Each structure stands twice: as structure tokens, then as C-alpha cells.
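Each chain, written out:
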Amino acid sequence: MLRAPLYRRVDKETPSSRPAPRPRSRWLVVLAAGGLLAGCIESGTTIVDPSRQTDANWSWDLPPNFPTPRVPEDNPMSETKFQLGRRLFYDTRLSGNGTYACANCHLQGMAFTDGLAVSVGATGQKTPRNSPSIANAVYHPTLTWARPDLTTLEEQMAVPLFATDPVEMGINDANRETVLQRFRDDPDYGRQFAEAFAEEVESVNFDNIIKAIATFQRGVLTGNSRFERYQRGEATLTAAEERGRLLFNGETAECFHCHGSFNFNDQVTYRGARSVETLFHNTGLYNIGDTAEGLFPEGNRGIYELSALPQDMGAFRAPSLYNVELTAPYMHDGSVGTLEEVLDVYAAGGRHIESGPYAGDGRYNPFKSDLITMISLSEQDKADIIAFLKTLTDHSLLTNPRYADPFQTEGE
């Protein structure tokens, strides 16, 4: 099985000149167990020579100004492996009952999300989380919404494949050999696996399935939105979009604090990054019962589910805002339907749920991030920010044949 990554908690120093902020969940992913080697970088717990990150037939087609991604030494990028992973990503045979594919929760036309509040697995069981986009996942130092222990796409891929509660792809001990045999019986797959993993005698196995899909996901890139073209001097912004840009990056709306990187989030990693600080935020979405515990819904309490530390209650990773106009509903549980509602929650400094099982005033959650405070936004301000956010849509991602379902193009 894949090795668990190393991470440790880092507490923020608070300047004595101001009051201590509310607790924020902050982790430092330690990307190498030993010391650093000159000319090398880290991936997970493995020292990686950059020359071993790709093979001869791979070329990154990076958006301008994007850094070269980090890739594990034991799974270098290759075009053969990328195409195999793409095929597996869209193949329903990669599920216990043969009815569900990775692509069911990650639709290209919806920027690789699914439009549902929470995703649904192969058996119809709902997960507790909204399906995140896979685009630019290569730059995420932690994967999914609240798993600081998942630091590679290979580790993350094992979760939907083999998880039993909730069931996603539904592969288990009773059917795993049946699933593998589906691919071993397919001569096209046999050829592709043999080419992608030429050093192995029996190459059709779950380790290689995971490596191939992770390779495909690393190659799904977005960054050719109108905003990028504006930055390159190839497009202009409307007056409303420019006002929104200034609000987004200013202290009035303060969006940039959690979405200020080249990937419009606050967790990024890339080749040459020696260590990566990863932040998780309680945004005041819940405060069930208005208690001192600041409760979020059972089983969906952020990294508290792993750490059991009170200050980690409701702490989730800030997602990238690329293509955000296409990825509704929003938040980790899809409980906010529109961008307008998202801005209302943030402008209020949290969400007040007045009735029902989740009633409570998230504005006063004791573990809410100090970045989430009441801000004064007019209706025009909100409209302008949303206009700017829509400039982050990369329409080419939605139709790029390189990322499309190969079974449709093959007529299968």
C-alpha cells in the first residue's frame, strides 16, 4: 500500500501589537523525511531528481506564468500513461458493479465537477462532500476538502476506489479480481498497460491503474481564462469586472487572503517548493446549537475528523476559484446554491441558520477563521465581484479534446 505522508502542525505566531486571532488550522506538509539535496526536489516523502519527473515523450503544456508541477519519482509523466489514465477515468468498468466511472463525479462540461450538492457513488450512496474539480489538482499539496494526510494524487485515488463508507467506486475484496479481469480481457488495455509500464511482466494491477489515473489528473490544466488573457495584454475587462478585480484584491472584500495564489487558492505546491504550508479554514458556515464546541454536522466536521482537536472543527481547504461560475453549488457540502449567496455569507461574517437540525449562528462560531469578519459590500460591489469571478472561466477546458471521453470519440 502507499506510504502515508508526513505532516506536522504549525501554530501561527501572533504579533503582540494586536489581539490574538481566533484559531486557524494550519499544517506544514513535510515533503522529505531527510535533509534536502542540492539540485533535487521533494514529492511526498521521496527526494526527486527533476530529470526523472517525465519521460522523453512528455511535454507540459502549461498556462503562461504557471510553474512546473511537482511529480513523484515513482510515477513520472508520460503520454502513454496519460492516455491510459484518461481512458480509465471514463471507463465504467472501473467500479464494483460496472456502472460508474470517475467521470460521473467529474464532468468536463462542468469544469470537472458534477453540479450536485454532494457526490453520489456507484451504489447510489451519497458522500458528505461536494465534488471538487480535478483541474489544476497537480498544484494541490493536499487533496479533497479536509485531508491533510493525502498529499499525492495516488494516495487520494485509493479513497474513491476502495472506500466502503461511503461507497464511491465500490471496489472491495469480493470483486477486486473481477474488476481487474475486465481489463486483462481487453486486448487494447493489455497493449496500453504494457506500453505504459513496460518494465513489468503483469502490468494490469491496481497500483498501475492508480498511477495512470493520477497521471491523467496531473495533466488536466486550466489557466486560459479571459482574466489570464487580460494579464497578458490580449483582452480587456469591463468597468464592472475591473471594479470587481480591485475589490477582490483589496481590503474591502478581502477575497485574496484565501484565494490570492496563481491558482486562486491558498495551498499550492510546484517544482522547487521546499516545504508547503497548508491552511484549512472554518468560515462560519455552521454553529449547531450555538455551543462552545462550534459544531458542524456529524461526520462532516473538517479536519477535526482526523485530529479531534477542538480548533479544527469545521476547518476545510479553500478551493481554487478557476471556473467557479460553473461549479455550483458551493462550499464543502454544496449547501450554498449561488455565487450571490456565497458573497452574502461572507459579507455577513458567517451563516445564520434560524431553524431546523442545523440551527445556529455561524457568525459566532468560536473557531471561525479570523479572516471571516463582517464586511460592508453594496449590491453593486457584489455584482462587480461576481463579474470578475466569471472572467476566471476557462472555456477551452470544457471542450478540450485532450481531456474528453475517449469512448465517445471512438464511437464505443
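Above this text is the structure in question.
Residues numbered from 1 in each chain as written. Predicted model: local features only at pLDDT ≥ 70, side-chain atom pairs only at ≥ 80, totals over all residues. Heavy atoms only, no water.

## Some thoughts on the pattern of salt bridges
Pairing of side chains with opposite charge becomes possible as their charged atoms draw close.
Step number 1: Evaluation of the coordinates by the stated rule reveals 16 salt bridges.
Step number 2: Counted as one network, the salt bridges with shared partners bring together Asp91, Arg93 and Asp186. (Salt bridge = Lys/Arg side-chain N within 4 Å of Asp/Glu carboxyl O.)

## Considering the state of the cysteines
Step number 1: Tallying each qualifying case throughout the model produces 0 disulfides.
Step number 2: Considering cysteine sulfurs only, Cys102 is the nearest to Cys105, which forms no disulfide, with 8.7 Å between them.
Step number 3: Cys258 takes part in no disulfide bond, and the closest cysteine sulfur to it belongs to Cys255, at a distance of 9.3 Å. (Disulfide = S-S within 2.5 Å.)

## Notes on the layout of surface pockets
Step number 1: Taken as a whole, the largest pocket holds about 910 Å³ of empty space.
Step number 2: Forming the walls of the largest pocket are 44 residues, and the residues nearest its centre are Thr144, Gln156, Val159, Pro160 and Glu168.
Step number 3: Among the elements of the structure, helix 2 (153-162), helix 5 (206-219) and helix 9 (304-307) are those that each provide at least two residues to the lining of the largest pocket.
Step number 4: Broken down by element, the residue count for the lining of the largest pocket peaks at 6 residues, all from helix 2.
Step number 5: Residue composition of the lining of the largest pocket, by class: 24 nonpolar, 14 polar and 6 charged.
Step number 6: By volume, the second largest pocket amounts to about 310 Å³.
Step number 7: Along the wall of the second largest pocket there are 19 residues; nearest its centre are Asp61, Pro63, Leu221, Asn400 and Tyr403. (1 Å grid on protein atoms, 1.4 Å probe; cavity = no way out; pocket = protein on both sides within 12 Å on 5 of 7 lines; lining within 4 Å. Points joined across faces, edges and corners; volume = space filled by probe spheres on them. Helix = DSSP H or I, 4+ residues; strand = E, 2+ residues; numbered from the N terminus. Nonpolar A, V, L, I, M, F, W, Y, C, P; charged D, E, K, R; others polar.)

## With respect to the packing of helix 10 (residues 339-347) against helix 11 (residues 379-390)
Step number 1: Relative to each other, helix 10 and helix 11 sit at 125°, their axes nearing to 10 Å. Comparing the axis directions of helix 10 and helix 11 gives the class oblique. For the element pair helix 10 and helix 11, the recorded crossing hand is right-handed. Residues Leu339, Glu340, Leu343, Asp344 and Ala347 of helix 10 lie in contact with helix 11, whose contacting residues are Lys382, Ile385, Ile386 and Leu389.
Step number 2: Looking at the contact of helix 10 with helix 11 residue by residue, the classes come out as 6 nonpolar, no polar and 3 charged. (Axes fitted to C-alpha atoms, helices over the stretch in contact; angles between N-to-C directions. Parallel < 35°, antiparallel > 145°, perpendicular 65-115°, else oblique. Left-handed = near helix turned anticlockwise from the far one by under 90°. Contact = heavy atoms within 4.5 Å.)

## A look at the environment of Val324
Step number 1: By the secondary structure assignment, Val324 is in the loop between helix 9 and helix 10.
Step number 2: Judged by relative accessible area, which is 7%, Val324 ranks as buried.
Step number 3: Each C-alpha atom of the pair Val324 and Thr391 lies 9.6 Å from the other, and the pair is 67 residues apart in sequence.
Step number 4: Setting aside anything within four residues of it in sequence, one finds Val324 in contact with Tyr330, Leu339 and Leu389. (Buried < 20%, exposed > 50% of the residue type's maximum accessible area, 1.4 Å probe, protein only.)

## With respect to the side chain of Asn300
Step number 1: Along the chain, Asn300 falls in the loop between strand 5 (276-280) and helix 9.
Step number 2: Among the polar contacts made by the side chain of Asn300, one reaches the main-chain carbonyl oxygen of Pro128 at a distance of 2.9 Å.
Step number 3: A distance of 2.3 Å separates polar atoms of two side chains, one belonging to Asn300 and the other to Arg129.
Step number 4: What Asn300 contacts, discounting residues up to four positions off in sequence, is Pro128, Arg129, Glu305, Phe316, His332 and Asp333. (Polar contact = N/O pair within 3.5 Å; in protein donor to acceptor, adjacent residues only side chain to side chain.)

## Examining the nonpolar core
Soluble globular proteins tend to bury their nonpolar side chains together.
Step number 1: Of all hydrophobic cores here, the largest spans 84 residues; its most connected members are Leu88, Phe89, Leu94, Ile209 and Leu389.
Step number 2: In this view, Leu88 contacts Leu94, Phe183, Tyr189, Phe193, Ile209, Ala212 and Ile213; residues no more than four positions away in its chain are not counted.
Step number 3: Membership of the second largest hydrophobic core comes to 5 residues, among which are Ala137, Leu150, Leu153 and Ala214. (Core = buried A, V, L, I, M, F, W, Y, C linked by side-chain atoms within 4.5 Å.)

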